[in-house]
Every structure is written in C-alpha cells, then in structure tokens.
Amino acid sequence: MAKSVINVDGMSCEHCVKAITNAVSALPGVSDVAVDLKAKTVTVEHAPELSLEKIKFEIEEQGYDIIS
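Just so we're clear, the structure is a prediction, and the values are computed from it rather than from any experiment. (Residues numbered from 1 in each chain as written. Predicted model: local features only at pLDDT ≥ 70, side-chain atom pairs only at ≥ 80, totals over all residues. Heavy atoms only, no water.)

Chemist: Would you mind going over the environment of Asp32 with me for this structure?
Modeler: Positionally, Asp32 belongs in strand S2 (residues 30-36). In the structure, Asp32 is positioned 22 residues away from Gly10 in sequence and 21 Å away in space, judged by C-alpha atoms. Excluding its chain neighbours within four sequence positions, the residues that come into contact with Asp32 are Thr43, Val44 and Glu45. (Helix = DSSP H or I, 4+ residues; strand = E, 2+ residues; numbered from the N terminus. Contact = heavy atoms within 4.5 Å.)

The structure is reproduced here in structure tokens:
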C-alpha cells in the first residue's frame, strides 16, 4: 500500500470530513482515508496503481482546493 498526504483548503467541519471520506473511499484501491481539519490534510492509504491525480480530482469534485 502507498500512503499519500494531500494538503487541502476549504475544509471546516464534519460535513467536509464526510464528503471527502465518502468520495475518496469509493475509489477502487483505497483502504483508508483520514481527514485532519486542523492540519488541512487528507491522508490516503491506497494501492500503488491508483494515481495521486485521481485522488486529488475526487477531492476537488467535492468543492475543495488542493494546496500545492
């Protein structure tokens, strides 16, 4: 499993946590999603063949911004 930490802006509440967790968890190959509101990060454990770009796309589709 690969582990990716993504910096995300715009998260502020439990609704944000649920939206991101549900969207990213639905991707094939994702085994765990942890959202940290204070640190503004989303940590994803996933199969190596699942691209980081696809994960970021799903987060952006929920209305959040990826911080480079």
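Alright, that's what it looks like, and here's the rest.
Chemist: Is there a simple way to explain the pattern of salt bridges in this structure?
Modeler: Two side chains with opposite charge may pair up if their charged atoms get near one another. Using the criterion set out here, one finds two salt bridges in the structure. One salt bridge in this structure joins Lys40 and Asp9, with 3.4 Å as the shortest N-O distance. Of the two residues, Lys40 is situated in the loop between S2 and strand S3 (41-46) and Asp9 in strand S1 (residues 2-9); the sequence distance between them amounts to 31 residues. The partner of Glu58 in a salt bridge is Lys54, and the shortest N-O contact between them spans 3.4 Å. Here Glu58 and its partner Lys54 are both found in helix H2 (residues 52-61), four residues apart, which amounts to about one turn of the helix. For Lys54, a relative accessible area of 34% corresponds to the partly exposed category. (Salt bridge = Lys/Arg side-chain N within 4 Å of Asp/Glu carboxyl O. Buried < 20%, exposed > 50% of the residue type's maximum accessible area, 1.4 Å probe, protein only.)

Read these as spatial facts, not as claims about activity.
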